Amino acid sequence: MCFMADSNSKSGVSLIAPQDAGSACWSCGEMRAAHFCNACGKVQPPVPVDYFTFFGLSRKLNLDTALLEREFYELSRKLHPDLNARANQQEQQWSLEQSSLLNDAYRTLKDPIKRTEYLLHLEGVELEEQSKAATEKARASGEIKKQVVPPDLLEEVFELNMQLEELRAQKKLGEDDPALLEEIGKQKLELESKFESLLEELKKYWNEWDRLIDSGSEEGLRKVRDQMVDLLNRRSYIRNLVRDVNEVLEN
Ligand SMILES: [Zn+2]
């Protein structure tokens, strides 16, 4: 992949046709954007563009979400199938498809974690599936789901698992050990605060990524990409761990 250095590029939202989506309007033959023709305003058939391109954005991670939201509402209004009642059936179908694409793109880009995961996906990275659904599916099928313990958490995880084991055993016997509960509660709070702090750490990588996109250092980009992958894996590991703790505490 080649990243062009472009000192004029801004990550502002714009309706100007992104190059990737550029082709002729089906109606007037002028240039079209990802969703509308810039010349005649006719809704266009959806083209396979990524979510950044759909909003006319470059692949940067720092994003003005207020601006994105305004753009989203403006496009929502324009793409609403009911407002295109005079359009023919084909155009209405396109409105519907474009609206659904718009919703997916907005939901993904407005969320800092989803945005990062999506960008990594575009960069060819498939993150380890650690979602709740995947974990439950694995449990239901009796398959043991292995997750690599992040090295900086090894000790804590080991200890916490021992305590959870002890708590499960106590609960089976109908016993109650307030000290153990307090210790587990304390560790849970620490994990939650670590979880929160990862977002701040991630934002440092965003800045690095956005800077490197402009300067075009592929080696640097690869490095930041791997750091973000590592961070997201750590994050979902902690999330799952907290979920396990909650399960034991609630049962
Ligand atoms: Zn047109």
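Given the structure is predicted, the values throughout are model-derived calculations rather than measurements.

Draft legend 1. Quick look at the overall build of the chain. For the chain, the count of helices and strands is eight helices and zero strands. Along the chain, from the amino end to the carboxyl end, the secondary structure elements read α-α-α-α-α-α-α-α. For the chain, the residues scored as buried account for 38% of the 251 residues in total.

Draft legend 2. A look at the pattern of salt bridges. Scanning the entire structure with this criterion turns up 14 salt bridges. We note a salt bridge from Lys60 to Asp214, for which the minimum N-O separation is 3.0 Å. You can see Lys60 sitting in the loop between helix 1 (51-54) and helix 2 (65-79) and its partner Asp214 sitting in helix 7 (residues 178-215), a full 154 residues away along the chain. We classify Asp214 as partly exposed; its relative accessible area is 28%. A salt bridge links Glu201 to Arg234, with the nearest nitrogen and oxygen atoms 3.3 Å apart. Taken as a pair, Glu201 in helix 7 and Arg234 in helix 8 (residues 218-250) lie far apart in primary sequence, 33 residues in all. A relative accessible area of 15% places Arg234 in the buried class.

Draft legend 3. Spotlight on the coordination of the zinc ion. Protein ligation of the zinc ion involves Cys25 (SG), Cys28 (SG), Cys37 (SG) and Cys40 (SG), the donor distances falling in the range 2.2 to 2.4 Å. For Cys25, a relative accessible area of 4% gives the class buried.

Draft legend 4. Representation of the packing of helix 7 against helix 8 within the structure. Two numbers describe how helix 7 lies on helix 8: the axes approach to 9 Å, and their chain directions differ by 160°. Taken together, the axes of helix 7 and helix 8 lie roughly antiparallel to each other. Taken as a pair, helix 7 and helix 8 cross one another with a handedness that is left-handed. Its residues placed into classes, the contact of helix 7 with helix 8 shows 20 nonpolar, three polar and nine charged.

Draft legend 5. Representation of helix 3 (residues 89-110) in the model. The end-to-end C-alpha distance of helix 3 is 31 Å, a good match for the 32 Å that 22 residues give at a rise of 1.5 Å each. Within the span of helix 3, buried status applies to Glu91, Trp94, Ser95, Gln98, Ser99, Leu101, Leu102, Ala105, Tyr106, Thr108 and Leu109. Buried-residue contacts for helix 3 involve helix 1, helix 2 and helix 4 (112-122). Its side-chain oxygen placed 3.0 Å from the backbone nitrogen of Gln90, Asn88 serves as the N-cap of helix 3.

Draft legend 6. Layout of the side chain of Arg235. Within the element layout of this structure, Arg235 appears in helix 8. One buried charge, Arg235, has no salt-bridge partner; the nearest side chain with opposite charge is Glu117, at 6.0 Å. Leaving out residues up to four positions away in the same chain, Arg235 has contacts with Ile113, Phe195 and Leu198.

Draft legend 7. Main features of the packing of helix 3 against helix 4. Two numbers describe how helix 3 lies on helix 4: the axes approach to 5 Å, and their chain directions differ by 105°. Judged by the inter-axis angle, helix 3 sits roughly perpendicular to helix 4. Across from Arg107, Thr108, Leu109 and Lys110 in helix 3, the residues of helix 4 making contact are Pro112, Lys114, Arg115 and Tyr118. Looking at side-chain class alone, the contact of helix 3 with helix 4 contains three nonpolar, one polar and four charged residues.

Cut-offs applied
- Residues numbered from 1 in each chain as written.
- Predicted model: local features only at pLDDT ≥ 70, side-chain atom pairs only at ≥ 80, totals over all residues.
- Heavy atoms only, no water.
- Helix = DSSP H or I, 4+ residues; strand = E, 2+ residues; numbered from the N terminus.
- Buried < 20%, exposed > 50% of the residue type's maximum accessible area, 1.4 Å probe, protein only.
- Salt bridge = Lys/Arg side-chain N within 4 Å of Asp/Glu carboxyl O.
- Donors = N, O, S within 2.8 Å, 3.2 Å for Na, K, Ca; no water.
- Axes fitted to C-alpha atoms, helices over the stretch in contact; angles between N-to-C directions.
- Parallel < 35°, antiparallel > 145°, perpendicular 65-115°, else oblique.
- Left-handed = near helix turned anticlockwise from the far one by under 90°.
- Nonpolar A, V, L, I, M, F, W, Y, C, P; charged D, E, K, R; others polar.
- Expected span 1.5 Å × (residues − 1).
- Contact = heavy atoms within 4.5 Å.
- Polar contact = N/O pair within 3.5 Å; in protein donor to acceptor, adjacent residues only side chain to side chain.
- Lys, Arg positive; Asp, Glu negative; His and termini not counted.

By themselves these figures say nothing about function.
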